[in-house]
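Observations on the three-dimensional arrangement
Here's the letter readout for the chains.
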Amino acid sequence: IRTNMCYQNANVKVIGCNTGLCQGPCGSTHYALEDLAILRTFSNLVVCVPCDADQSVKAFNAANEMYGPVYLRLGNGRNESDVYKNKDYKFEFGKGIEIDEGKDGYIIACGMMVPFAVEAAKQLKAEGVDCGVIDMDTIKPLDKELVYKAAEKTGKIVTCEDAFIIGGL
């Protein structure tokens, strides 16, 4: 991937399946937690982590419309929630999506962790903490503007990881 795809800036798309913690019942030997840490270091590579089937289709179509290497990191397709089902939104690599606005802090998540972040924000709001949620569907390039905006607004950001913290979201 590094030498023949990324260095060459080849028009190749790679889809990783059963990534992260989605293989939970199979045990730690089946967790694919290193991919983000490794692949985000490769030049020219777009790294995208869609959170549901609808977003995966949009990411797949966006990858096909652009020239260059792309890695789409997917879960296992079982029991995944529908964060964007029947919602009209624009998908763009490098642009995170503010799902909920927050006043007290933000949870930034990607992939299978987005529904958990949405649920956590609901629970926090019920306890009086106004927490927003950002779906950072593209890890590389990262939407730094959206992260800075959330940090400036609230001063508090937590990430919800499906990878190692070092090299993860």
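Residues numbered from 1 in each chain as written. Predicted model: local features only at pLDDT ≥ 70, side-chain atom pairs only at ≥ 80, totals over all residues. Heavy atoms only, no water.

**Re the environment of E92**
Put simply, the rule is: Think of it this way: any DSSP run of H or I at least four residues long counts as a helix, any run of E at least two long counts as a strand, and we number them from the N terminus. Exposure classes here rest on a 1.4 Å probe applied to the protein chains alone. A residue is buried below 20% of its type maximum, exposed above 50%, and partly exposed in between. Working rule for contacts: check all heavy atoms of both residues, and any pair within 4.5 Å makes them a contact.
By the secondary structure assignment, E92 is in the loop between strand 3 (70-73) and strand 4 (97-100). In this structure E92 comes out as partly exposed when scored by relative accessible area, which is 36%. Sequence separation of E92 and K58 is 34 residues, and the distance between their C-alpha atoms is 8.7 Å. Among residues more than four places away in sequence, those in contact with E92 are D137 and T138.

**Looking at the nonpolar core**
The line we're drawing: Throughout, nonpolar core names a set of buried Ala, Val, Leu, Ile, Met, Phe, Trp, Tyr and Cys residues whose side chains join them through atoms within 4.5 Å.
F91 and F93 are the most contacted members of the largest nonpolar core, which totals 24 residues. Residue assignment for this core shows that the elements contributing at least two residues are strand 2 (46-48), helix 3 (53-65), strand 3, strand 5 (105-109), helix 4 (114-126) and strand 6 (131-135). Of the residues forming this core, the biggest block, 4 residues, is contributed by helix 4. Apart from the residues within four sequence positions on either side, F93 is in contact with V46, C48, A59, A62, A63, M66, V70, L72 and T138. The next biggest cluster of nonpolar side chains, apart from the first, holds 19 residues, and it includes L36, Y106, L146 and A150.

**Some words on helix 4**
Worth spelling out the cut-off: The span you would expect from a helix comes to 1.5 Å times its residue count less one. Regarding the arc, it is the one traced by the directions from the helix axis to the C-beta atoms.
Spanning 13 residues, helix 4 covers 19 Å between terminal C-alpha atoms, matching the ideal 18 Å at 1.5 Å per step. Every buried residue of helix 4 is listed here: V114, A117, V118 and A121. All buried residues of helix 4 fall inside an arc of 100 degrees around its axis, so they share one side. Opposite the buried face of helix 4, by more than 90 degrees, sit the exposed residues F116, K122 and A126.

**Section: the sheet that holds strand 7 (residues 138-140)**
Keep this limit in mind: One bridge is not enough; two strands pair if DSSP finds at least two bridges between them. In this analysis an axis means a line fitted to C-alpha atoms, helices contributing only their contacting stretch, and an angle means the value between N-to-C directions, from 0 to 180 degrees.
Read from one edge of the open sheet, 4 strands run 1-3-2-7, paired in mixed fashion. Each having just a single partner strand, strand 1 (13-16) and strand 7 make up the two edges of the open sheet. In this sheet, adjacent strand axes meet at a mean angle of 20 degrees when their direction is disregarded. Here 3 bridges tie strand 2 to strand 3, and the two strands are oriented parallel to one another. Each bridged residue has a counterpart across the sheet, and for C48 the counterpart in strand 3 is L72.

**Brief notes about the pattern of salt bridges**
Where we set the bar: A side-chain nitrogen of Lys or Arg and a carboxyl oxygen of Asp or Glu constitute a salt bridge if their distance falls within 4 Å.
Following the criterion strictly, the structure yields 6 salt bridges and no others. Between R73 and D35 there is a salt bridge, with the nearest N and O atoms lying 2.7 Å from each other. Of this pair, R73 sits in strand 3 while D35 sits in helix 2 (residues 35-39), and the two are 38 residues apart along the sequence. For D35, a relative accessible area of 12% puts it in the buried group. Measuring nitrogen to oxygen at the nearest pair gives 3.7 Å for the salt bridge that ties K125 to D130. One network of salt bridges, in which partners are shared, links D35, R73 and D162.

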